[in-house]
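# Remarks on the overall topology
Now for the letters of each chain:
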Amino acid sequence: MRHGTFRRFFLLLVLFSAATGGTLTSPAQEPPEPMDIDACVQEALRANPLFQAAGHGLLAARETEGTARSAYLPRLDLQAASRRFESRAFLPSALTGEAAPAGALSPVIGPVNQHSLSVKGAYTLFDGGLRRAETGQAAAAARGAALAREEARQDLVLSVHKAFYGALAAQEAQGVAEKVLERALQHERMAQERREAG
């Protein structure tokens, strides 16, 4: 009985939803406001994945340039280690076995704690121009990435302008076509009236 009640309730819900056009909770939405050309450009720059990828490429190139410049700085390495271990010594059985005298050696060594700390510093005095060449290459790559981003931005702005003014031209053409159609219908009515008048 309970299953049948649920089935009837679900059927009523589906029928009510169909009768109201499928909008049970959300009212009809207003159409969005028309956008001007600047708003369209800003939205395209915000949402275009190619422009965003060019921006990330520029950031990566700048980071690579910073990494190349770091070769001019001194290098300092610090390494620390600590371990605790226990090992077994494989000694002759005369020293460690049952026949060994009192106070014999134990075959187990440890537990032993071992700690180490190592500091190493280096500074390159002469590299034959390698650092300068790598830094110049990274700087050129960063300039190229900046130009690629600007090219992507200009291509996107041009595309938005073409689409925007193309849509405006299409709207104007539609308005002209509607007026031509209206005049043609008026001429048809006038010709029909003349024909009926004789």
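Rules used in this analysis
- Residues numbered from 1 in each chain as written.
- Predicted model: local features only at pLDDT ≥ 70, side-chain atom pairs only at ≥ 80, totals over all residues.
- Heavy atoms only, no water.
- Salt bridge = Lys/Arg side-chain N within 4 Å of Asp/Glu carboxyl O.
- Helix = DSSP H or I, 4+ residues; strand = E, 2+ residues; numbered from the N terminus.
- Buried < 20%, exposed > 50% of the residue type's maximum accessible area, 1.4 Å probe, protein only.
- Phe/Tyr/Trp six-rings, centres within 6.5 Å; stacked < 30°, edge-to-face > 60°.
- Arc of directions from axis to C-beta.
- Contact = heavy atoms within 4.5 Å.
- Polar contact = N/O pair within 3.5 Å; in protein donor to acceptor, adjacent residues only side chain to side chain.
- pLDDT = per-residue confidence, 0-100.
- Patch = residues over 30% accessible without salt bridge, like charges linked within 9 Å, V, L, I, M, F, W, Y side chains within 5 Å.
- Areas by Shrake-Rupley, 256 points an atom, 1.4 Å probe, with all protein chains shown as cover.
- Expected span 1.5 Å × (residues − 1).

## Topic: the pattern of salt bridges
Within the structure shown, the criterion is met by five salt bridges. With a closest N to O distance of 2.5 Å, Arg-46 and Glu-43 form a salt bridge. In this pair, Arg-46 and Glu-43 both sit in helix H2 (residues 37-47), three residues apart, roughly one turn of the helix. Glu-65 is the partner of Arg-69 in a salt bridge, and the nearest nitrogen-oxygen pair spans 2.9 Å. Remark: Glu-65 and Arg-69 occur in helix H3 (residues 49-69); sequence separation between them is four residues, near one turn of the helix. For Arg-69, a relative accessible area of 45% puts it in the partly exposed group.

## Quick word on the packing of aromatic side chains
With the rule as written, the count across this model stands at one aromatic pair. Between Phe-164 and Tyr-165, the ring centres sit 5.3 Å apart and the planes meet at 90°, which makes this aromatic pair edge-to-face. A residue is classified by how much of its surface remains accessible, and Phe-164, at 19% relative accessible area, is buried.

## A closer look at H2
Along an α-helix, a turn takes 3.6 residues, which lines up residues three or four apart on a common side. If you check which residues of H2 are buried, you get Ile-37, Cys-40, Val-41, Ala-44 and Leu-45. For H2, the buried positions fall inside an angular range of 130° around the axis, keeping them on one side. Residues of H2 that are exposed and point more than 90 degrees away from the buried face comprise Asp-38, Gln-42 and Arg-46. Residues of H2 that are buried make contact with H3 and helix H5 (130-197).

## Some words on the side chain of Thr-135
With respect to the helices, strands and loops of the structure, Thr-135 is situated in helix H5. Of the polar contacts made by the side chain of Thr-135, one reaches the backbone oxygen of Arg-131; its length is 2.8 Å. Once residues within four sequence positions are removed from consideration, Thr-135 is found in contact with Ala-68, Arg-69 and Tyr-72.

## Comments concerning the environment of Gln-137
For Gln-137, the location among the structural elements is in helix H5. Note on Gln-137: relative accessible area 59%, which makes it exposed. Residues Gln-137 and Ala-68, 69 residues apart in the sequence, show an inter-C-alpha distance of 8.8 Å.

## Describing the confidence of the model for the chain
Looking at the chain, the pLDDT average stands at 83 and 76% of residues meet or exceed 70. When mean pLDDT is taken per element in the chain, H3 scores highest with 94 and helix H4 (residues 93-96) scores lowest with 57.

## Topic: a nonpolar patch on the surface
There is a patch of nonpolar side chains on the surface, built from Leu-76, Leu-78, Leu-117 and Val-119 and spanning about 490 Å² of accessible area. Breaking the nonpolar patch down by element, the ones donating at least two residues are strand S1 (75-88) and strand S2 (108-122). Along the polypeptide, Leu-78 turns up in strand S1.

## Some details on H3
Between the first and last C-alpha of H3 there are 30 Å, a value that for 21 residues agrees with the 30 Å anticipated at 1.5 Å per step. Every buried residue of H3 is listed here: Phe-51, Ala-54, Gly-55, Leu-58, Ala-61, Glu-65 and Ala-68. In an axial view of H3, the angular spread of the buried residues amounts to 140°, which keeps them on one side of the axis. Residues of H3 that are exposed and angled more than 90 degrees away from the buried face: Pro-49, His-56, Glu-63 and Thr-67. The inward-facing, buried residues of H3 abut H2 and H5. You can read the cap of H3 off the contacts: a side-chain oxygen lies 2.9 Å from the backbone nitrogen of Leu-50, and it is on Asn-48.

## Observations concerning the environment of His-161
Assignment of secondary structure puts His-161 in helix H5. His-161 sits 124 residues away from Ile-37 along the chain, and the two C-alpha atoms are 7.1 Å apart. With residues near it in sequence (within four places) discarded, His-161 still touches Ile-37 and Val-41.

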